[in-house]
Amino acid sequence: PRPTEVFVRPTAPAFTPRPTEILTRIPAPVRTPLPTNFATTISVPDRPTRTNMPTDYFFVRPTGSQISTPPGRDPTMRPVLAGPGNCDNPSITRDECKASIYCEWVLISGQKNYCQFGPPVPPTLRPSFPPTDKPTFGPTFEPTPRPSFEPTLKPAPWPTVSPITLVPSPSPTLTSTERPTLSPTFITPDPTTSPTIKPTFNPTESPSYKPSSSPSNKPSSSPTQTPSAKPSTQPSSSPTTSSEPSQTPSLSPTLSSKPTLSTSPTYSPTKTHFPTLPEYEYKRPQRVDIRWTPWDNLDRDIQIEVSEALGYNRNNWNNLKTNDVEKLRWSDLSERKRTAATLLGFDKWSWNCWINNFESFSWRQLYEWELTPYLESLGWNSQRWNGQNGPPILKQNSWDDLTSEQQESAMQLCFYKTSYDELNIVEYGLGYPISRPAARFVPWANLDSEMRATMEQTLGYNELSWNIPGLNPMELKGWFQMNDSEKRGAEAINCTDSCWDCWQAQYNTYGWQDLVNRGHDEAYAALGWTESSWCGESGAPATNKRSWNELTEQEQLNATELCLDQFNWDQNSLEVNTEPFPFIQPPLRYKQWSSLTFGQQQIAMTALLYKEETWDNVGTADIEMRSFDDLTDFQKTYAVELGFYEKTWDCFQNHYRAEPWRDLSPDVRVASEILGWNQSSWGITKPTPNSYDKSWDTLSTEEQAAATNLCHFDNIWPGGASDQLVGSFLQEGVKSQAAQMLPKAAIVASIHVLMHIFI
């Protein structure tokens, strides 16, 4: 097909366009079904009128309004072979399904293929800028949700990281490739039965997954350049036993957390500087999370108290081990300092461990508490600890230089990477591998107009996708997949290359072998991921559904190594939540249908299957009975366009009733029990408890607080006067009773939830 040209249609008897009517000349073989009720506005400069119109072209107007076609011409619209109500018809053929703009053909390996409703994708709301140099060979199946900002001028400069072919070819290639693939193929289930006759000219960059069943005929000419990534976890043979002691002592004593038991006494008494201690087991105190909270995130009252009593300020709070008070043990604190430390959640043991790291105690005291084995693994002994021979060499090394056993010993002394290396907690948290890009975590409202425009134009951010991590499709891209314009946007927030892959994408674009090669597989494996679950062949691990506070300490530390913290793990908002609900209310959902823009109405109708009646009557639409996970990827995309994401959808749309009881968080489960729910009665199709028949005013304070925790409020409460949205509701700034009762309800709900969790 020839390139598309845009021109003004000359005046003809059949139709006289207005000066702004723009028509598109398209080659006849291209047939593009355009969904009705959608409008695309194209703004281009006026061009000279053309009168030499060839006869082999016909006209299509890109707007959705009706126009008459020239005499003797056929319209470009194909007949719709299947409407939205016929997609589920088992008699519909594959070709009819694919020809319909309302249906999609589903391919599932090992199962019968079928047709299902695949809502039409609205056309691009804005044209691409600038346009591409050449037209596409055929129309796309679905338009892009956002226009491209610049055309693709060159093909990808490098090959794909992993091989694309899923099954081997029936016969080998005649000539070898110029260089090996970056990653070995992974489809072959078993190793080859015999070694290759000739080695490859260049070795592969990564080893094969399985060794060959028999060794090669000849050894390699030179040893491998690097040792294996991990030492073996078990010895090559069982240890030898002897009735006689060894002639020479071992280089270092064996460390054990428990004493060695013997069935017979020793021939001579053991000599020691310290007396034998009664049985004692050290247990590290629980971490006090507030000490790892950045200064600007502390409440103002806490800031004043720790500033006046403990001498903290923004600098020495955010930079660990820089305040002199952290050199004092609990018994050396004054009564005023102890009171302030208690307010932060510390007691004697947690202060001595997490703040002082036992550095103010003598070696003998630490021996009595059975802490010296951990210090010895880090290179300390009594002489060095007491300052006679200077500090150990290992103390001068960074956390990353320690072995895994030494890091475990340091953690038993309440060290993390940030405290061991004395780093800034704003930049490194519990121990991020890469410093946190501060510019990315500034609320949208606090960005200047120039930065907002840059983020919108280069990375496609808006207020919602900026404030909530993980909503922007751009964050699913790796650095190597980004074009120059997108990379310039990332450079504006000081996050490029490895920073982007860690903080924005969490290495999601890497294949499993790439994670292994770069050492990120251990952190993901500790969170329950395997190669099959990473590749989508099996389900995600249980940790994927847990909140940050439900993770164990070790799981949190492994997530930290992937640039995950409580903010982006829980998808918290950068915007401060001043509402009584757990999350900020999606504003568009509680506007009347007539107040929505035309584009918003089209998205609500076609993607989420709303009508004006079901939109204005909250809780009556079928789509609101589904959880966010039950939506299609297409519907999730446009739910975000209307201001929803997983948390706000599940809370405000169906109040978690589409979720199984076992998947509810503890606070949601407690709130549901207060309203009369239990495990057997819970469900979106189950009858509601008696509390739902009461009006909002007759609910007790505890019930109102529980209902608010489930994102209910007076105007949409089932037992209220009406679910119909009124004109003044949330559009003229009128607060609901739920918002007015925020302080009391929040306090009651918090106390009740804490009591249930404690019990």
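A.B. asks: Run through the overall build of the protein chain, naming residues and quoting values.
C.D. replies: Broken down by element type, the protein chain carries 28 helices and 5 strands. Here the protein chain displays about 46800 Å² of accessible surface, and carbon together with sulfur accounts for 53% of that area.

A.B. asks: Can you break down helix H14 (residues 484-492) residue by residue, with the values?
C.D. replies: All buried positions along H14 are accounted for by Ser 485, Glu 486, Lys 487, Gly 489 and Ala 490. Looking at the buried residues of H14, the elements they touch are helix H12 (449-459) and helix H15 (498-504). For H14, the N-terminal cap is Asn 483; the gap from its side-chain oxygen to the backbone nitrogen of Ser 485 is 3.1 Å. A positive phi of about 55° marks Asn 494, the residue just after H14.

A.B. asks: Any chance you could break down the packing of H12 against H14 for me, citing the residues and the numbers?
C.D. replies: One way to put it is that H12 packs onto H14 with a least axis distance of 8 Å and a crossing angle of 150°. On the basis of the axis angle, H12 is roughly antiparallel to H14. In the crossing of H12 with H14, the sense of the turn from one axis to the other is left-handed. Residues Met 451, Thr 454, Met 455, Thr 458 and Leu 459 of H12 form the contact with H14, whose own contacting residues are Ser 485, Glu 486, Gly 489, Ala 490 and Ala 492. Looking at the contact of H12 with H14, its residues break down into 5 nonpolar, 4 polar and 1 charged.

A.B. asks: Hey, could you go over the packing of aromatic side chains for me, with residue numbers and the actual values?
C.D. replies: Considering all chains together, one arrives at 39 aromatic pairs under this definition. When the ring of Trp 292 is compared with that of Tyr 416, the centres are 5.3 Å apart and the planes differ by 45°; the resulting orientation is tilted. You can see Trp 292 sitting in the loop between strand S5 (114-117) and helix H2 (300-310) and its partner Tyr 416 sitting in the loop between helix H9 (404-412) and helix H10 (417-420), a full 124 residues away along the chain. Relative accessible area serves as the criterion here: at 11%, Trp 292 is assigned to the buried category. For Tyr 416, a relative accessible area of 1% translates into the label buried. Aromatic side chains Tyr 461 and Trp 466 sit 5.1 Å apart centroid to centroid with 85° between the ring planes, which places their arrangement in the edge-to-face category. For Trp 466, a relative accessible area of 0% corresponds to the buried category.

A.B. asks: Before we move on, can you summarise the state of the cysteines with the specific residues and values?
C.D. replies: The final tally for this structure, using the stated rule, is 4 disulfides. Note on cysteine connectivity: Cys 353 is disulfide-linked to Cys 414, with sulfurs 1.6 Å apart. One disulfide, between Cys 353 and Cys 414, carries an S-S torsion of 95° and so falls in the right-handed class. Separated by 61 residues along the polypeptide, Cys 353 in helix H5 (residues 348-355) and Cys 414 in the loop between H9 and H10 bring together distant segments of the chain. With respect to class, Cys 353 is no different from Cys 414; both count as buried. Sulfur-sulfur distance for the disulfide between Cys 495 and Cys 499 comes to 2.3 Å. Residues Cys 495 and Cys 499 share a disulfide whose torsion about the S-S bond is about -105°; that sign makes it left-handed.

A.B. asks: Break down the pattern of salt bridges for me, with residues and values.
C.D. replies: Taken as a whole, this structure holds 19 salt bridges when the rule is applied. Between Asp 400 and Lys 417 there is a salt bridge, with the nearest N and O atoms lying 3.5 Å from each other. Of this pair, Asp 400 sits in the loop between helix H8 (382-385) and H9 while Lys 417 sits in helix H10, and the two are 17 residues apart along the sequence. The exposed category is assigned to Asp 400, whose relative accessible area is 53%. For Lys 417, a relative accessible area of 11% translates into the label buried. Put simply, Lys 477 and Glu 486 hold a salt bridge, and the shortest N to O gap is 3.1 Å. Taken together, the shared-partner salt bridges connect Glu 305, Glu 308 and Arg 336 into one network.

A.B. asks: Tell me what's going on with unusual backbone geometry, and back it up with residues and numbers.
C.D. replies: Within the chain, Glu 422 stands out as a residue other than glycine whose phi angle is a positive 55°. Residue position: Glu 422 is located in the loop between H10 and helix H11 (425-428). Taking the relative accessible area as the measure of exposure, Glu 422 reaches 47% and is therefore partly exposed. One non-glycine residue with positive phi stands out, namely Gln 506, at about 50°.

A.B. asks: Describe the confidence of the model for the protein chain, listing the residues and the values that go with them.
C.D. replies: Confidence in the prediction for the protein chain averages 73 pLDDT; 60% of positions are at 70 or higher. This stretch, residues 6-80, has a pLDDT under 50; its non-local contacts, to residues over four places away or in other chains, come to 100 contacts. Across residues 160-166 the pLDDT falls below 50, and counting only partners more than four positions away or on other chains, this stretch makes 10 contacts in the model.

A.B. asks: Go over the packing of helix H25 (residues 666-674) against helix H26 (residues 701-709) with me, naming the residues and quoting the values.
C.D. replies: At a minimum axis separation of 9 Å, H25 and H26 run at an interaxial angle of 135°. For the element pair H25 / H26, the angle class is oblique. Considering the relative orientation of H25 and H26, their crossing is left-handed. Of the residues in H26, those touching H25 at Asp 667, Ala 671 and Ile 674 are Glu 702, Glu 703, Ala 706 and Asn 709. For the contact of H25 with H26, the per-class residue count stands at 3 nonpolar, 1 polar and 3 charged.

Rules and cut-offs
Residues numbered from 1 in each chain as written. Predicted model: local features only at pLDDT ≥ 70, side-chain atom pairs only at ≥ 80, totals over all residues. Heavy atoms only, no water. Helix = DSSP H or I, 4+ residues; strand = E, 2+ residues; numbered from the N terminus. Areas by Shrake-Rupley, 256 points an atom, 1.4 Å probe, with all protein chains shown as cover. Buried < 20%, exposed > 50% of the residue type's maximum accessible area, 1.4 Å probe, protein only. Contact = heavy atoms within 4.5 Å. Polar contact = N/O pair within 3.5 Å; in protein donor to acceptor, adjacent residues only side chain to side chain. Axes fitted to C-alpha atoms, helices over the stretch in contact; angles between N-to-C directions. Parallel < 35°, antiparallel > 145°, perpendicular 65-115°, else oblique. Left-handed = near helix turned anticlockwise from the far one by under 90°. Nonpolar A, V, L, I, M, F, W, Y, C, P; charged D, E, K, R; others polar. Phe/Tyr/Trp six-rings, centres within 6.5 Å; stacked < 30°, edge-to-face > 60°. Disulfide = S-S within 2.5 Å. Salt bridge = Lys/Arg side-chain N within 4 Å of Asp/Glu carboxyl O. pLDDT = per-residue confidence, 0-100.

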